[in-house]
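# Results of the structural survey
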Number of protein chains: 4
Amino acid sequence: MTTLGVGLIGYAFMGAAHSQAWRSAPRFFDLPLNPAMSVLCGRDKNAVEQAAGKLGWDSVETDWREVLTRDDVQIVDVCTPGDTHAEIAIAALEAGKHVLCEKPLANTVAEAEVMAAAAAKASAQGVRSMVGFTYRRVPAIALARQLVAEGKLGTIRHVRAQYLQDWIVDPEAPLSWRLQKERAGSGALGDIGAHIVDLAQYITGDRIRQVSGQLETFVKERPIPTEHSGLAGTAGTERGPVTVDDAAIFLARFGSGALGVFEATRFATGRKNAIRIEINGSEGSLAFDFEDMNLLHYYDAGDSSQLAGFRRILATEAEHPYVAAWWPPGHLLGYEHGFTHQVVDLVTAIAENRDPLPSFADGLQVQRVLAAVEESSATRQWQEIAL
Amino acid sequence: MTTLGVGLIGYAFMGAAHSQAWRSAPRFFDLPLNPAMSVLCGRDKNAVEQAAGKLGWDSVETDWREVLTRDDVQIVDVCTPGDTHAEIAIAALEAGKHVLCEKPLANTVAEAEVMAAAAAKASAQGVRSMVGFTYRRVPAIALARQLVAEGKLGTIRHVRAQYLQDWIVDPEAPLSWRLQKERAGSGALGDIGAHIVDLAQYITGDRIRQVSGQLETFVKERPIPTEHSGLAGTAGTERGPVTVDDAAIFLARFGSGALGVFEATRFATGRKNAIRIEINGSEGSLAFDFEDMNLLHYYDAGDSSQLAGFRRILATEAEHPYVAAWWPPGHLLGYEHGFTHQVVDLVTAIAENRDPLPSFADGLQVQRVLAAVEESSATRQWQEIAL
Amino acid sequence: MTTLGVGLIGYAFMGAAHSQAWRSAPRFFDLPLNPAMSVLCGRDKNAVEQAAGKLGWDSVETDWREVLTRDDVQIVDVCTPGDTHAEIAIAALEAGKHVLCEKPLANTVAEAEVMAAAAAKASAQGVRSMVGFTYRRVPAIALARQLVAEGKLGTIRHVRAQYLQDWIVDPEAPLSWRLQKERAGSGALGDIGAHIVDLAQYITGDRIRQVSGQLETFVKERPIPTEHSGLAGTAGTERGPVTVDDAAIFLARFGSGALGVFEATRFATGRKNAIRIEINGSEGSLAFDFEDMNLLHYYDAGDSSQLAGFRRILATEAEHPYVAAWWPPGHLLGYEHGFTHQVVDLVTAIAENRDPLPSFADGLQVQRVLAAVEESSATRQWQEIAL
Amino acid sequence: MTTLGVGLIGYAFMGAAHSQAWRSAPRFFDLPLNPAMSVLCGRDKNAVEQAAGKLGWDSVETDWREVLTRDDVQIVDVCTPGDTHAEIAIAALEAGKHVLCEKPLANTVAEAEVMAAAAAKASAQGVRSMVGFTYRRVPAIALARQLVAEGKLGTIRHVRAQYLQDWIVDPEAPLSWRLQKERAGSGALGDIGAHIVDLAQYITGDRIRQVSGQLETFVKERPIPTEHSGLAGTAGTERGPVTVDDAAIFLARFGSGALGVFEATRFATGRKNAIRIEINGSEGSLAFDFEDMNLLHYYDAGDSSQLAGFRRILATEAEHPYVAAWWPPGHLLGYEHGFTHQVVDLVTAIAENRDPLPSFADGLQVQRVLAAVEESSATRQWQEIAL
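Residues numbered from 1 in each chain as written. Chains lettered and ligands numbered in written order. Predicted model: local features only at pLDDT ≥ 70, side-chain atom pairs only at ≥ 80, totals over all residues. Heavy atoms only, no water.

## What about the overall build of chain A?
When its secondary structure is counted, chain A shows 10 helices and 17 strands. Taking the principal axes of the C-alpha coordinates as reference, chain A spans close to 65 × 55 × 40 Å. Across the 387 residues in chain A, those meeting the buried criterion constitute 68%. Put simply, of all contacts in chain A between residues at least 6 apart along the chain, 70% involve residues at least 24 apart. Carbon together with sulfur atoms contributes 49% to the accessible area of chain A, which is approximately 12400 Å² in total. (Helix = DSSP H or I, 4+ residues; strand = E, 2+ residues; numbered from the N terminus. Buried < 20%, exposed > 50% of the residue type's maximum accessible area, 1.4 Å probe, protein only. Contact = heavy atoms within 4.5 Å. Areas by Shrake-Rupley, 256 points an atom, 1.4 Å probe, with all protein chains shown as cover.)

See the structure below:
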């Protein structure tokens, strides 16, 4: 079987998740190509060498440009912060490497547009690209998409989606890079709001056309970290301004006319990673919460009044997407499995010479929705999403 | 419409619930006879007069024998402690009064046998009797019975039932009359275990034939109350022995061969009135918890693997038992509604000249199961239930 | 004890709920005044006489003006459609009668303003008025208010509230009066959106100052009913336009800066009466769903990371609002109990010579929020709520 | 770092789970020794070679005795059916290899006794052994143990535990080896009942001393499989007797006096892998369900009546057992993570020269409980568990 060498750029949280996926996918799934964990890339040589040992990569590079020149690399997996995505991904595509790029695709629509254009051009040469909205690969979510595609919900009327976290509720939590616009591009909106926009569009098979939104930064200043250890660093005594949103809420109108209500926040005390999505259609409804990620709740309006009720579907049957490769019914999957499924889908598409989904164009469209929310928050009016 | 005069004996917790039922039933349901709240009976004249005013009864008596002589009383509703049930109920039946008797039917099997015989004799004269297992009248429970009767569960394999409370977890809770065998007959077993035995048999339409049980009194001595105010009184400094069980657990074998597991306890810290019953059959399953009493969970094994899941049926549709008389879908009913439904069923049976259910014979059979559990706890062996 | 005669105008769904409340309140609570169910009023003499018999009222009137002249009426309870509230309530107040008026207070802000002015004037004469937002009286909701008032949530950051129903999902459901603007004033927004606006403001103790909303009528035409039986009538072959909203969604900004997301719809397939409200503050969070109305979920951010979690509080303890009058812990209350508690609060306020809450001014303010949502839906911009 | 070579015997379901654990543990945890996936062993050379490639093992053997002679093997991981455990594990220990043995430890108490004796003898030589009750390593379960050990539950009163599956509800499901006593030793009792016995004893830190049980085989005959593909094979036309239990229920008495109720069944229609355990103590309670394996529900009786409620603890905080090595809060773990944690605990114990838990003696004691249940089912009496 042909080997598919992978070069991973970045080795923090996402790097660890991607590494586990590259390692696990061939152990559970019958892949048409054999991924090799060729090279891990990071700027700090000592650190990247230590990470490569830990995460199981064969070699290291300290300059991502070097990764693009290597013959043992066919896929470049971009897990760096958003402000570097465009440069790396475009160069990789131009070097003929398939690209898997973490979300958000870029920090700006302009960058994302260039990336999408590069992806389209590369595709013509058989070079593939994909953006990492992994939650699509949670079996319960993929099942939700299936049910909608099969028409089980009829005409979609409502989408309500929330991504709720609480990690900066404390006003003394330090001013990490994620709270600085120049680094992170945006706050809750881009970081987690992007996921629920993608999920809502993916499951419904529809696109958001208009939004009215509001961003908010509840805590305007935070202690500047003195030392950058871990996710957030340690708070110092000086304070600096928070330049991204703590929370974003918005209304949406889909192409079909369905109404959407979205909320992304880091201030939902007690909610750790609650991705909730509920969809009501003329024939049925669906509900999902990532804090219970193996479950999909499904209501079939065709059931009799006597017996109708939301069905608690434990999406661990062999008939459910991705599940046959894993464990018997009732043996739950976790967060990281979505990344493994992403590898499966990407490698399969490459082997079959077709473009995987979600594409960079999909990533760009999500970016446009987020930009429209931001614009709407400023203008206090509804904004259209350019097609 | 003919009036049906009611005489209620007892005015504590159950008296209040029954009063609300007699008052409410004709306001929501179309009854074939018109219940009149004729007389409330209690030994303390001042107290019973005050209660009658509060609960809405037209007159009072201080001797229950007087109630039986009154022409304006056609139904005697017995809400006294269990050690007085037999005497009152039998005398009432002999006086030609229909009888509604609270559970447990009696404190002993012997008493219950005499009562059942009296009920059978009275029935031949058109005098009706009924034992007050009101939980049968919770719509979700009545729906459960319907589904089993319609064959939706196939062959029943398992019943697991628990009645969990925690009101005497504190070892300093006083030694109330409910903890004394001579008054209460039994502890958790008779008080709450009786309900889950009845529910299990009612829903399955089957009978328990054998049991292996264990009773336990975790706290052997408690402070003797100095003053009997309210349910439990106030703890004094002297201590006396607890002579009933704090908890009862037992295995059961049903006539059909189904296996049962039962647990009744007042020591389930944090569970207030959790009546849980779960039934697994070859074609489907049911689950119920009184702490969420408007819900019935139903699994249909005939659904496809892709879409099967326990359905959360909100038993508030007009198609559900008793519900059409009340509110629109989604507007919940509460604890007391079961008592109102009991009145409806009793009055309807009387008007239609047929014996209502559950009968005294049903109450006797439950008593036999409880006695067998007690016997089994002593002999450390399985016990048969006499038919 | 002084008697307080009640005259109830209207005898449909709300009339039945109010009747049960007037009947039950004195049976469970120690009221300072004794409500008498004096007169039921409706235009159709036969129908109102039948209803009075069923619901337990002493007499009937067919003209509400007559009710206002009766000496045996001290309270006028207005349960008619919204377009008649203003005229009846104002006349009643001017006649010196206390008024309980169902929500929404009126169909327009203009009417509501006149009503609030009339209420203020009446108050100076010791005549009381109250608007019927009964969900405030669900114990779990009243507990939520208590916790916020005690500061247990700290600074409120987020409110997300939904009122979800599904009774007109079917496009062939007939064009009932509730779907006609001239009768109902508004659709989901006024009928059920009003409740979540009130609840959100009540629990937080804060007011909505700005909104951005969107109304939608998914099904534009429906069959005109040929016969008005029941809630909706029977569909005929002719069709007419639906002139109210099927669903309303809106963003909100509270006075404190908190963000709100609201959704009221009759198209949430499978949700029957799901009033959900979730509030996140800097110190804790709360969550409630009316489909599980005896529960309040509470997260205390002060708990250790090891042990923190949303607490499932079963609001049936004697320590919880209104509960001591009812049943032991774990014995659930239902929908109608909120109406009984409303009677208790109203009668108590009258006896204590103070204005009960929520006042007509509160009702007017809710109306202003709803009007701003409607305005915003038309202008496609945020709207301020006049103070 | 010293390498610790692993030889895995067996490559079916458990073999796949163990392989993923050996592969993943060093990637997320800082292990004191470096496990090497040296050799996979199975009788069929082609099949084991294919499995080794798939699962990532360096070499293969077809005779387990060969594994014991290899210098690159320091741990023998036994994942074969129960009837071979004793022979392999004892030989491995005698060969100086550490042993990880899947549960149940053996098919009979007699075998388990010899194994425990061998383990004790080996321990004196510094050779370690461990039995694979992996559910102990689910973070929520390990947290439960912690809370009990810290005294947060006070005196334990009740344990109720269920292991519910439904994979042979269909009477036409074939007669697989798991339904034959000579191969499987026992049915639901040994296969899944063993887990809840271990969990109940582990979490409480107590031992079961007496049991009264009942085994049942609901479907006495099943089609003999014609072809052994997968777990169960394909049903043929001939039938053979099922010689193990389909379900086992039993009461238990713990050393402390606590009462236990246990149920293990393969006939709980709709329950796929529901391991439920609920523990009530004088100071608090715990509840867990594997179908929601990241949650632990905890009730603190010390909370005020107003605020007390079961806390839904999402056991994904860095403060929870094992979690710090994985993902941020709210990012769920799955079934296989327990196996990874098992590797961590085993490797750590080996490095630290101490015996890991659960020991073979623990496995033996579980076996004795199961044997007593079986004995009790035959004698219809309570049975004592030998210490």
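## Overview of the sheet that holds strand β4 (residues 75-78) of chain A
Adjacent strands of a sheet form backbone hydrogen bonds with each other and so pair up, either parallel or antiparallel. Residue and element names in this part refer to chain A. Strand order in the open sheet formed by six strands is β3-β2-β1-β4-β5-β6, with parallel pairing between adjacent strands. With one partner strand each, in any of the chains shown, β3 (59-61) and β6 (129-132) form the two edges of the open sheet. Direction aside, neighbouring strands of the sheet carry axes that sit 25 degrees apart on average. The strands touched by helix α4 (residues 85-94) within the sheet are β1 (3-9), β4, β5 (98-102) and β6, with β5 carrying the most contacts at an inclination of about 165 degrees. Relative to β6, helix α9 (residues 337-351) is tilted by about 170 degrees, and along the sheet it contacts β1, β4, β5 and β6. (Pairing = 2+ DSSP bridges. Axes fitted to C-alpha atoms, helices over the stretch in contact; angles between N-to-C directions.)

## Observations regarding the interface of chain B and chain D
Note: interface size is frequently given as the accessible area lost on complex formation between the parts. Contacts between the two partners involve 46 residues from chain B and, on the opposite side, 46 residues from chain D. Taking both sides of the interface into account, the surface hidden between chain B and chain D amounts to around 3800 Å²; carbon and sulfur atoms contribute 53%. Counting every contact that joins chain B to chain D gives eight salt bridges. Of the charged contacts in the structure, one is a salt bridge between glutamate 278 of chain B and arginine 271 of chain D, with a shortest N-O distance of 2.9 Å. Run the count over chain B and chain D and you get 23 residue pairs in polar contact (both at pLDDT 80 or more). (Buried area = accessible area lost by both parts, 1.4 Å probe. Salt bridge = Lys/Arg side-chain N within 4 Å of Asp/Glu carboxyl O. Polar contact = N/O pair within 3.5 Å; in protein donor to acceptor, adjacent residues only side chain to side chain.)

## Concerning the sheet that holds strand β1 (residues 3-9) of chain C
Residue and element names in this part refer to chain C. As summarised here, the arrangement of the six strands in space is β3-β2-β1-β4-β5-β6, forming an open sheet in which the pairing is parallel. A strand with exactly one partner marks an edge of an open sheet, and here the two such strands are β3 (59-61) and β6 (129-132). Here the average twist between neighbouring strands, direction ignored, is 25 degrees. Across seven bridges, the pairing between β1 and strand β2 (residues 34-41) is parallel.

## Notes on the interface of chain B and chain A
Taken together, the contact between chain B and chain A spans 19 residues of the former and 19 residues of the latter. Both faces considered, chain B and chain A share a buried interface measuring about 1500 Å² in area, 51% of it formed by carbon and sulfur atoms. Top contributing element to the side of chain B that touches chain A by residue count: strand β16 (residues 310-314) of chain B, with four residues. Residues belonging to the side of chain B that touches chain A are distributed by class as follows: seven nonpolar, five polar and seven charged. Here three bridges tie strand β16 (residues 310-314) of chain A to β16 of chain B, and the two strands are oriented antiparallel to one another. Each bridged residue has a counterpart across the sheet, and for arginine 311 of chain A the counterpart in β16 of chain B is arginine 311 of chain B. (Nonpolar A, V, L, I, M, F, W, Y, C, P; charged D, E, K, R; others polar.)

## Concerning the relation of the copies chain B and chain A
Mapping chain B onto chain A calls for a screw motion: a turn of 180 degrees about the axis and a shift of 0.0 Å along it, with 0.0 Å RMSD after fitting. Overall, the copies show the geometry of a two-fold rotation axis. The position closest to the rotation axis in chain B is occupied by the C-alpha of arginine 311 of chain B, lying 2.1 Å away. Most of the interface of chain B is mirrored in chain A, where 100% of its interface residues are also at the interface. (Least-squares fit on C-alpha atoms with pLDDT ≥ 70 in both.)

## With respect to the packing of aromatic side chains
Summed over all chains, the structure comprises 64 aromatic pairs over all chains. Relative to tyrosine 335 of chain B, the ring of phenylalanine 290 of chain B has its centre 6.3 Å away and its plane inclined at 90 degrees; by these criteria the two rings are edge-to-face. Taken together, the positions of phenylalanine 290 of chain B in the loop between β14 (284-289) and β15 (295-300) and tyrosine 335 of chain B in the loop between β16 and α9 (337-351) put the pair 45 residues apart, joining distant regions of the chain. Comparing phenylalanine 290 of chain B with tyrosine 335 of chain B, the two get one shared label, buried. Taken together, a centroid distance of 5.9 Å and an interplanar angle of 80 degrees make the contact between phenylalanine 29 of chain C and tryptophan 326 of chain C edge-to-face. Pair noted here: phenylalanine 29 of chain C is in the loop between α1 (13-28) and β2 and tryptophan 326 of chain C is in the loop between β16 (310-314) and α9 (337-351), with a separation of 297 residues, a long-range link. When sorted by exposure, phenylalanine 29 of chain C lands in the same class as tryptophan 326 of chain C, which is buried. Members of the aromatic cluster, joined through ring pairs, are Phe13, Tyr135, Tyr163, Phe290, Tyr335 and Phe339 of chain A together with Phe28, Phe29, Trp326 and Trp327 of chain D. Seen from the ring of phenylalanine 310 of chain A, arginine 271 of chain C lies directly overhead, with NZ or CZ sitting 3.8 Å from the centre. (Phe/Tyr/Trp six-rings, centres within 6.5 Å; stacked < 30°, edge-to-face > 60°. Lys NZ or Arg CZ within 6 Å of the ring centre and 35° of its normal.)

## Looking at the side chain of aspartate 362 of chain D
Turning to its location among the elements, aspartate 362 of chain D is positioned in helix α10 (residues 360-379). Those residues in contact with aspartate 362 of chain D that lie beyond four places of it in its chain are Arg207 and Leu357 of chain D.

## Details of the relation of the copies chain B and chain D
Overlay of chain B on chain D (RMSD 0.0 Å): rotation 180 degrees, translation along the axis 0.0 Å. Counting the interface residues of chain B, we find that 100% of their copies in chain D are interface residues as well, pointing to one common contact surface.

## Comments concerning the side chain of arginine 137 of chain A
All names here are of chain A. Note on placement: arginine 137 falls in the loop between β6 and α6 (139-149). A polar side-chain atom of arginine 137 sits 2.7 Å from the main-chain carbonyl oxygen of leucine 357. Once you skip the residues sitting within four places of it in the chain, arginine 137 turns out to touch Met130, Tyr322, Gly338, His341, Gln342, Asp345, Leu357 and Pro358.

## Quick look at α6 of chain A
All names here are of chain A. Burial within α6 is extensive, with eight of its 11 residues counted as buried. Looking only at α6, the buried set comprises Pro139, Ala140, Ile141, Ala142, Leu143, Ala144, Leu147 and Val148. Note on α6: the residue one or two positions beyond its end, glycine 151, has a positive phi of about 85 degrees.

## Some words on the confidence of the model for chain A
Per-residue confidence for chain A gives a mean pLDDT of 96; residues scoring 70 or more make up 98%. Scored as a complex, the prediction yields pTM 0.97 and ipTM 0.95. (pLDDT = per-residue confidence, 0-100.)

## As for unusual backbone geometry
In this model, lysine 103 of chain B is joined to proline 104 of chain B through a cis peptide bond whose omega is -10 degrees. Looking at the element boundaries, proline 104 of chain B is found in the loop between β5 (98-102) and α5 (109-124). At the junction of leucine 357 of chain C and proline 358 of chain C, the peptide bond is cis and its omega measures out at 0 degrees in the coordinates. Residue position: proline 358 of chain C is located in the loop between α9 and α10 (360-379). Phi is positive for tyrosine 322 of chain A, which is not a glycine, with a value near 75 degrees. With respect to the secondary-structure elements, tyrosine 322 of chain A resides in the loop between β16 and α9.

## As for the pattern of salt bridges
Using the criterion set out here, one finds 120 salt bridges over all chains in the structure. Where glutamate 317 of chain A meets lysine 272 of chain D, a salt bridge forms, and the shortest distance between an N and an O atom there is 4.0 Å. Pair noted here: glutamate 317 of chain A is in the loop between β16 and α9 and lysine 272 of chain D is in the loop between β12 (259-265) and β13 (274-281), and the two residues belong to different chains. Lysine 272 of chain D matches glutamate 317 of chain A in its accessibility class, with the two residues each being buried. Of the charged contacts, one joins lysine 181 of chain B and glutamate 374 of chain B as a salt bridge, the two residues approaching to 3.0 Å between their closest N and O atoms.

## Topic: the domain arrangement of chain A
All names here are of chain A. Once the domains are mapped, chain A shows domain 1 (3-135) and domain 2 (139-292 + 294-333). Computed over C-alpha atoms, the centres of domain 1 and domain 2 are 25 Å apart. Area buried by domain 1 at its contact with domain 2 is led by Phe28, Phe133 and Tyr135, which between them contribute 51% of it. For the pair domain 1 and domain 2, the number of links is four residue pairs in polar contact (both at pLDDT 80 or more). (Domains from an automatic or database assignment.)

## Considering the pairing of strand β7 (residues 156-164) of chain A
Residues and elements named next belong to chain A. Judged by how many residues are buried, β7 sits mostly within the fold: nine of nine residues are covered. Here β7 pairs with strand β13 (residues 274-281) via eight bridges, running antiparallel. Note that in β13 the partner of isoleucine 156 across the bridge is glycine 281. Where β7 lies against strand β12 (residues 259-265), seven bridges are found, and the strand directions are parallel. Paired with arginine 160 across the two strands is valine 261, which belongs to β12.

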